[in-house]
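Inside the fold
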Amino acid sequence: MRYNLFSRAVRLLNQNQNKSKQIYTLRSASNKASSLNTQQSDGSAREEVTTTAETGEKLPAREPLVKNFFVGLTDKELLGYPEVIPREEMVQLQNVLIPIQNYFAELEQSTELKEQENLKQLGLYGLNVPTDYEGGKGYKWSASLMASEPESSHTSLALGLNSHRVVVDLICELGTPEQQQVYLESLAKGDLIASEAILEYTPPEDDFFGTQASYNSEQRGWTLSGEKAFVVVAPKSAKEQRQLFLVLAQTQHPNVPGHTGRGSTIFLVDSQLKGVRLGETHDTFGCPDASMRRIHFDQVQLTEQQILGEPHEGNRYAEQLVRSSRLRSSLLGIALSKRLLNQLANYSVDTTQGGIQIKDLELMRVHLSQFTCSIYAMESMLYLSAGLLDEFAGQDVTLESSITKYYTLQQLYAIATQSLGLLGPQSLHRGQPWERGLRDAAQLCTQGESVSTLSMFIALTGLQYAGQRMNEGVRKSRNPLFHPGHIFGKFLASNSLENPKTRMLLAENVHPTLEPAAQCIEHSVARLNMAVELMFTRHGNAVVERQHEMQRLANIATILYAMWASVARASRSYCIGLPLADHEMLTASSICNQGRDDVMRLASEIYNGNYVNNDNNLLRLSSQQKKPAISNNNTQQQSDGVKQHLTRHSASYTREVEIIK
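Model, not experiment: these values are computed from the prediction. (Residues numbered from 1 in each chain as written. Predicted model: local features only at pLDDT ≥ 70, side-chain atom pairs only at ≥ 80, totals over all residues. Heavy atoms only, no water.)

Turning to the overall build of the protein, a few remarks are in order. For the protein, the count of helices and strands is 20 helices and 10 strands. A burial count over the protein gives 51% of its 661 residues as buried. Put simply, 76% of the contacts in the protein that link residues at least 6 apart link residues at least 24 apart. On the protein, roughly 32500 Å² of surface is accessible, and the fraction owed to carbon and sulfur atoms is 51%. (Helix = DSSP H or I, 4+ residues; strand = E, 2+ residues; numbered from the N terminus. Buried < 20%, exposed > 50% of the residue type's maximum accessible area, 1.4 Å probe, protein only. Contact = heavy atoms within 4.5 Å. Areas by Shrake-Rupley, 256 points an atom, 1.4 Å probe, with all protein chains shown as cover.)

All right, on to the pairing of strand E4 (residues 243-252) then. Most of E4 is tucked away: nine of the 10 residues are buried. The sheet contact formed by strand E1 (residues 193-197) and E4 spans five bridges and is parallel. What sits directly across from Ile193, in E4, is Gln243. (Pairing = 2+ DSSP bridges.)

On to helix H4 (residues 87-108), then. Think of an α-helix as turning once every 3.6 residues; residues three or four places apart then point the same way. The terminal C-alpha atoms of H4, which comprises 22 residues, lie 30 Å apart, in line with the 32 Å expected from a rise of 1.5 Å per residue. Of all bends in H4, the biggest is about 30 degrees, found at Leu97, and the proline Pro99 comes one to four residues later. Turning to H4, its buried residues are Leu93, Leu97, Ile100, Tyr103, Phe104 and Leu107. Packing partners of the buried residues in H4 comprise helix H5 (116-121), helix H6 (141-148) and helix H7 (155-174). (Expected span 1.5 Å × (residues − 1). Bend = angle between axes of the 7 residues up to and from the residue.)

Remark: helix H14 (residues 471-478) packs on helix H16 (residues 515-539), axes separated minimally by 9 Å, with the N-to-C direction vectors making an angle of 50 degrees. With respect to H16, the element H14 is oriented oblique. The crossing of H14 and H16 is right-handed. Residues Val474, Ser477 and Arg478 of H14 form the contact with H16, whose participating residues are Phe536, Thr537, Arg538 and His539. Taken together, the residues of the contact of H14 with H16 sort by class into two nonpolar, three polar and two charged. (Axes fitted to C-alpha atoms, helices over the stretch in contact; angles between N-to-C directions. Parallel < 35°, antiparallel > 145°, perpendicular 65-115°, else oblique. Left-handed = near helix turned anticlockwise from the far one by under 90°. Nonpolar A, V, L, I, M, F, W, Y, C, P; charged D, E, K, R; others polar.)

To continue, consider the pairing of strand E2 (residues 212-216). Where E2 meets strand E3 (residues 221-232), five bridges bridge the pair, whose relative direction is antiparallel. Following the sheet pairing, Ala213 is matched in E3 by Leu224. Linking E2 back to E3 in an antiparallel pair, the connection comprises four residues, with Arg220 at a positive phi of about 55 degrees.

Right, dumping it as structure tokens:
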């Protein structure tokens, strides 16, 4: 039920995503390895970037990175991993985090509840609030995520803080100056705690949301009615805490009747308003210290000043809403994955079986290395996406943020479940660290968007972007009799899935040691583009119905972004001489080698088609399983026949028992 509910919510939220073309401009000349310009243009670029850095302004937006993968294009300049925090500010940030790290380290040794006043004193509620407001730290995306890492070791507590920061992000981006003045200072101090209220327990069949708001033109106000579920409210220790709910409700355009006029509006609802009531508490599988409840809205009267953005245009703000939620929830998954890996590493070092330490067994070493590569890729993707937001104004990271969460949830659950087979029965003893980690991992994988919803969103977004740019070539391929020259040219082309021809020259922008890894990325991008073109040629507009193949596309794009981010990060680490940079280079090479093989396998399954890759057999099996449920008359006749058969056999069995007696 809940997956269906959120799938509908995501379709609504992402209905009107940003489709405008991004301006392709020159990036900072700091990437010297890729600079082929003359000294004059190079000097002017440096001067422009220096001026931009001094004024604190962002660079113009570049074309979307992952979306271009679907059309076979890459932006070599983005292989320069972003360093958006100057070294002086980084040192200051690390000093600020010392008391926060100490506080959460002490909490690991105690069983006391996290007091609300302690969180306020540490300034955890104002990390992403501008410094113009009292209590605000003014951290941007990268710094805000780094400052959130210490608390992420306590998943239950971090869930509430992340929900608070998502609302703050949206108010900073969409709120009017009056709304920011009213809410941001209280949010930064922790006097007002914000939460998202988007999901519903029982979604309606024909509408977007059961929670609806109607406009009263005479009073120039709104009336909100309905209920929301799975809302992460204030910590249990703060019983009478004032809260602010970001509610997404269905509204109706006043001059447009029927389904055409349906829209959604974002409201900021104070918990102290008349008609707002906290409902039952959800007893969740994981994150036991996080309080999730139903919120009831009984004829709540709202003013126009409590609308975030424009009325009926909630779909337009989908990208900002889900982007913040995806990036911040990915940080929780990374922190939990690190904790599980550390526990498994300590177990392998401290445990000896048959006179051999577990850590010396090849199987354990392979698992630990695979988990390390996954976590390195997660972290690289997260901070690359955050760096793009910090460095470029209005940068489109819709797919990047979605892929980061999708990959993080996949790998987190894999780490949590594969550890069970390595640890044995003790891993599920109640109260053990591994048992709590498994529960928290399962909770994060179902909190908000599901993994299947994210995969479909990634594939649909990429196909939509590619379809707009590949329309002419696909039209010719689907009408070969009218375009024989186009078809003849494809036959003569020497490009193949096994040996794709590329001219991306990505190796020029990374350290020479990573040239084979860059070659893996080039071939994988070409294979993704070939798979997309083939799906368009085969299915046309019906490609959206091929959900299994779309899931393969989403996995290819996810692997590609993990390879790209890992290579960019490792290359920068080695070039600037960070400690253990050679270890990062080896990790990035391993990620790319494994990713190349996975992309090849997935692309081959798409190329082979339903009758070779076993999809057709699976679909036939599913249709046969549904047949008994389709016809009620046949089902009733079969049921009556079974009853008569059982009655006859029961009577016969009774007679046999009497004879035996």
